[in-house]
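These are the residues of each chain, in order.
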Amino acid sequence: MDGKALQGVRILDFTHVQSGPTCTQLLAWFGADVIKVERPGVGDITRGQLVDVKGADSLYFTMLNHNKRSITIDSKHPQGKRVLDELIKKCDVLVENFAPGALDRMGLTWEHIHKLNPRMIVASVKGFGPGPYEDCKVYENVAQCTGGSASTTGFRDGPPLVTGAQIGDSGTGLHLALGIVTALYQRTRTGRGQKVLCAMQDGVLNLARVKLRDQQRLKHGPLTEYSQYGEGIPFGDATPRAGNDSGGGQPGRILKCKGAPEDPNAYIYFITQAPVWGEICDVIGEPGWKTDPEFATPKARLPKLNQIFARIEEWTMTKTKFEAMEILNKFDIPCGPILSMKELAEDQSLRKTGTVVEVDHPTRGKYLSVGNPIKLSDSISEVKRSPLLGEHTDEILSDVLGFKAAEIADIKNSGALSAPEKKEKAA
Ligand code: COA
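**Student:** An account of the sheet that holds strand E1 (residues 10-14) is needed here, citing residue identities and associated values.
**Tutor:** What the six strands build is an open sheet, ordered E3-E2-E1-E4-E5-E6; its pairing is parallel. With partners counted over all chains shown, the strands left at the sheet margins are strand E3 (68-72) and strand E6 (195-199), one partner each. Each strand axis lies, on average, 20° off the axis of its neighbour in the sheet, ignoring direction. Pairing of strand E5 (residues 121-126) with E6 involves five bridges; the strand directions are parallel. Bridge pairing links Ser 124 to Leu 197 in E6. On the sheet, helix H3 (residues 78-90) packs against E1, strand E2 (33-38) and strand E4 (93-96) and is oriented at approximately 140° with respect to E1. Sitting on the sheet, helix H17 (residues 393-400) touches E1, E2 and E3, and the angle it makes with E3 is about 95°.

In structure tokens form, the structure reads like this:
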């Protein structure tokens, strides 16, 4: 393998919490040198959130910050600003996900950065793009709600639901990573940096695009693949929540297997794909449905999906989800067991591919993480533990910026790299 894909790319990582760190972690996995700038004394707030091992960085932090180096800098201290300016000159990309305006308030405006380093790409995650909400702070579930996911998730007779997959934070981080490598590619032609902006609302809406598709289909009649069509319930003027109905043209549902509902994950997703309808009928013991005009065609089946899936569930309930999967796979019937996080953590094939990895950490010991889910055939991918707060401060000041020992001592003595003394006790 020819080293790492992004070898030679240096990232000034001003990210925190989840969205930005997801992006820079991906770039680090691909070999970029990611220098995470953290506030002295505190660092990324997630280091101390949802703590499970006292005194150690949380899993929230460690699982989002692999392969990075950490430097602590007070970005509002004059000497801190000086260090940041030097870093800007040495890096290819600055990534940030501060609240709107925070970067400018630090003095790091686009003009300032561009003047110091015209090749620098400045990539940002914000909650919203330009418009009425552009100044709002945004977290995951807010993005899910404002990006069209929550209004289309859940059951018709229940409230909107947020999903467990972090489509607002991690989803937008993924979008941003693509924007960055695209801008890096364009820079090979133009020699110029540019701004890259991903709004979380936009990222979620992009992932919910099939629901905007359905919004427009509503004008031309009911959405026949939604269960409510078969149940005779009229559609309103907005894409409704569709429970576990499949989002494509092939009807699908989550069905109970042996052990449900006591085992909360003894379920399987089952798709009644038209080309294998005959095989489905044989497997469940309804061979007559293959030729019965009431069931033989996809169109005839649409109003009867509840009846059909109830019959299929009678069969799936006689099998464990894994037995059902094995039988259905023989006939190419699309299905998938509902896997718990416990089952995924123990899955040996995911360990083999590096999608689930065990990482050792000096203060917390061994833990599991999701590795790089994007596999390149000619690029080495390794998962290294997240840095301790400020672990690489000296190394970055000397090796990256070329500061001499005396200069480093001066900067340190100025207080730009350490937490301010707690003054309130003296007061
Ligand atoms: N040195 C000195 N000050 C620092 C610093 C450093 N190294 N790093 C951060 N700060 C300061 C910022 O300058 C800011 O100060 P200001 O308000 O005086 O300008 C302050 O810390 C707080 O930053 P902010 O980004 O506002 O953090 P927050 O905790 O108040 O808000 C979010 C968190 C996530 C809501 C907000 O950052 C946000 O909306 N980000 C964009 C959307 C996003 O990514 N959301 C998802 C996060 S997973």
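**Student:** Tell me about the sheet that holds strand E8 (residues 267-271), and please be specific about residues and values.
**Tutor:** With respect to topology, three strands assemble into an open sheet ordered E7-E8-E9, the strand pairing being antiparallel. Pairing within the sheet leaves two strands with one partner each, and these edge strands are strand E7 (252-256) and strand E9 (335-337). In this sheet, adjacent strand axes meet at a mean angle of 20° when their direction is disregarded. Bridging between E7 and E8 involves five bridges; their strand directions are antiparallel. What sits directly across from Lys 256, in E8, is Tyr 267. Helix H13 (residues 305-316) contacts E7 and E8 of the sheet and is inclined by roughly 40° relative to E7. Helix H14 (residues 321-330) rests against E8 and E9 of the sheet, and its axis sits at about 160° to E9.

Calculation criteria
Residues numbered from 1 in each chain as written. Predicted model: local features only at pLDDT ≥ 70, side-chain atom pairs only at ≥ 80, totals over all residues. Heavy atoms only, no water. Pairing = 2+ DSSP bridges. Helix = DSSP H or I, 4+ residues; strand = E, 2+ residues; numbered from the N terminus. Axes fitted to C-alpha atoms, helices over the stretch in contact; angles between N-to-C directions. Contact = heavy atoms within 4.5 Å.

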